[in-house]
Structures are given as structure tokens and as C-alpha cells.
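# Overview (structure and organization)
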Amino acid sequence: VLHAQVEPELGGALVDVYVTHFALSSAARDAAAASIVAWAAEQGHENVVLMGDLNAEPDEESLRILREGGFRDAWEDMHPFVPAQAEVCEVAKQEEEEEEEEEGEEEEEAELSRADVEGAAEKDACERRSRASETQAQERHAQASFTFPTCDPVKRIDYVLFRGKSLRPVAARLCGAEPTEESKSWESPGGGMLERNGPVFASDHLAVLVNFEDLRI
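Attention here is on the structure that accompanies the text. (Residues numbered from 1 in each chain as written. Predicted model: local features only at pLDDT ≥ 70, side-chain atom pairs only at ≥ 80, totals over all residues. Heavy atoms only, no water.)

### Remarks on the overall build of the protein
A tally of helices and strands in the protein yields five helices and seven strands. Walking the protein from its N terminus toward its C terminus, one meets helices and strands in the order β-β-α-β-α-β-α-α-α-β-β-β. For the protein, the residues scored as buried account for 30% of the 217 residues in total. Looking at the protein alone, contacts between residues at least 24 apart form 73% of all its contacts between residues at least 6 apart. In the structure as shown, the protein presents an accessible area of about 13,800 Å², 50% of it carried by carbon and sulfur atoms. (Helix = DSSP H or I, 4+ residues; strand = E, 2+ residues; numbered from the N terminus. Buried < 20%, exposed > 50% of the residue type's maximum accessible area, 1.4 Å probe, protein only. Contact = heavy atoms within 4.5 Å. Areas by Shrake-Rupley, 256 points an atom, 1.4 Å probe, with all protein chains shown as cover.)

Next comes the structure, spelled out in C-alpha cells:
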């Protein structure tokens, strides 16, 4: 870990910044995450920004260790997943409840009518469409955060994490998706950035750019 203390405002309070690059081994990543959490506590660092290539996807153990150690994901704070289709079947459910009330008032027979069967089928279809839509929305949300490889990102392994009551992310975006101007027109058999004579990018990873507000200033 590379550690530096940053002074956002001249003469003001400090922010501890950690830069790291986790190993390819999951066991090594877990150990590194635990060491960072322990070291931050030992040093008494309250407001910390941790960034780097963690070589782990969001649901892996090393990220869980960091979260349990008080670190939050700045990207997720700025881009939380919001179920886009959550209301679809709520409307259907409300309509069904209204129909049930009407049926109760009219004291209809207990046996399901054709309308009841059709209503149940429509409700089931609605719920299946809603689940499928939410799954697609989750996939799009995840894909928007992918950082590797730059030319065609398939996973998220680069992060800006933070801890401390005085830090608040206010913006987060990915950078570096475009190749250099002179190499944009270069073509290669595989079309990838690692192909011989392929386009040239600043890095094989997209950069995660986060703006923070220091609430002490």
C-alpha cells in the first residue's frame, strides 16, 4: 500500500489516501484487505480514501472484508441500483385487490370464474415480466460499472472506497474509454487493445474518477 496524507485546504484537516494493487490470488487479496483494515485502525486514520486495482469483483470476500472494516464504495453511493419496474405488478396487485373487494360485496360464488382464472394468469405473467425486467436492469447497472479490459469491459475490479464521517462522494464516472487520437483508425485481426497494431489506450483498465466533499471545510 502506498500511503499519503492530503491537505484539501491549506492548513486544514488531513485525508489519508491509500493506493494499492491486490494480487491475483484470492487468499492473498483477503489477507491484504484484512491488513489494510487493521493498519488503518492502528494508525487512527479516520477519513480514508482507498483506491486501486483490487482484482476482485464486488461480491468477493476481500470486498466484504473492506466493507465490514467500514469502507464504502463511492461508485455504488453515486450509482445505486433502483428497480425500474418495481411498480408494474403493484398496479396489477392493486387492481386485483379492488376486484376482490367488489367480489366480496357482490357475494359471488367461491368457485373461480373464467375472469378469476384470466386475472390470476395475467398477474403471474406480470410478475414474470417484472422479474425479467429487473434482472435486465441489474445487468445493465452492473455493466455500467465494468472497468476491465478498457476496449470491451466485462467485469468490475477497480474501486475508489472511503471511510469516515467527513467524506462524501459527490460525483463518480469512468474515464479512458477512448484510444489515442492517432491510433483510433488502427485495425487488428481481433480488434482488441492487446492485439498487435491494435488501438492504443492509456491503460488496460478504465479509470474511476470520484469527486469528494470534505464536510470539515
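### What to know about a nonpolar patch on the surface
A cluster of nonpolar side chains, namely Leu2, Val19 and Met51, defines an oily patch on the protein surface of about 250 Å² accessible area. Relative to the helices and strands, Val19 is located in strand β2 (residues 15-21). Owing to a relative accessible area of 36%, Val19 belongs among the partly exposed residues under this scheme. (Patch = residues over 30% accessible without salt bridge, like charges linked within 9 Å, V, L, I, M, F, W, Y side chains within 5 Å. Salt bridge = Lys/Arg side-chain N within 4 Å of Asp/Glu carboxyl O.)

### Description of the pairing of β2
Burial of β2 is extensive: five of the seven residues sit out of reach of the surface. Sheet topology note: the strand β1 (residues 2-6)/β2 ladder contains five bridges and is antiparallel. Bridge pairing in β2 links Val6 to Val15. Pairing geometry for β2 and strand β3 (residues 48-53), over six bridges, is parallel. The residue of β3 that forms the bridge with His21 is Asp53. Where the polypeptide runs from β2 across helix α1 (residues 26-43) and back to β3, its parallel neighbour, the crossover connection is right-handed. (Pairing = 2+ DSSP bridges. Right-handed = clockwise from strand over helix to strand, strands pointing away.)

### Here's the deal with the nonpolar core
Counting residues in each nonpolar core, the largest one holds 16 residues, and the members touching the most others are Ile36, Leu50, Leu54, Leu66, Phe71 and Leu161. Elements with a contribution of two residues or more to this core: α1, β3, α2 (61-68) and β5 (158-163). Considering every element that reaches this core, the biggest residue donor is α1, with four residues. When near neighbours in sequence (up to four residues on either side) are disregarded, Leu161 contacts Val48, Val49, Leu50, Leu54, Leu63, Leu66, Phe71, Arg72 and Asp73. Listed in part, the eleven residues of the second largest apolar core include Val49, Ala74, Leu167 and Ala172. (Core = buried A, V, L, I, M, F, W, Y, C linked by side-chain atoms within 4.5 Å.)

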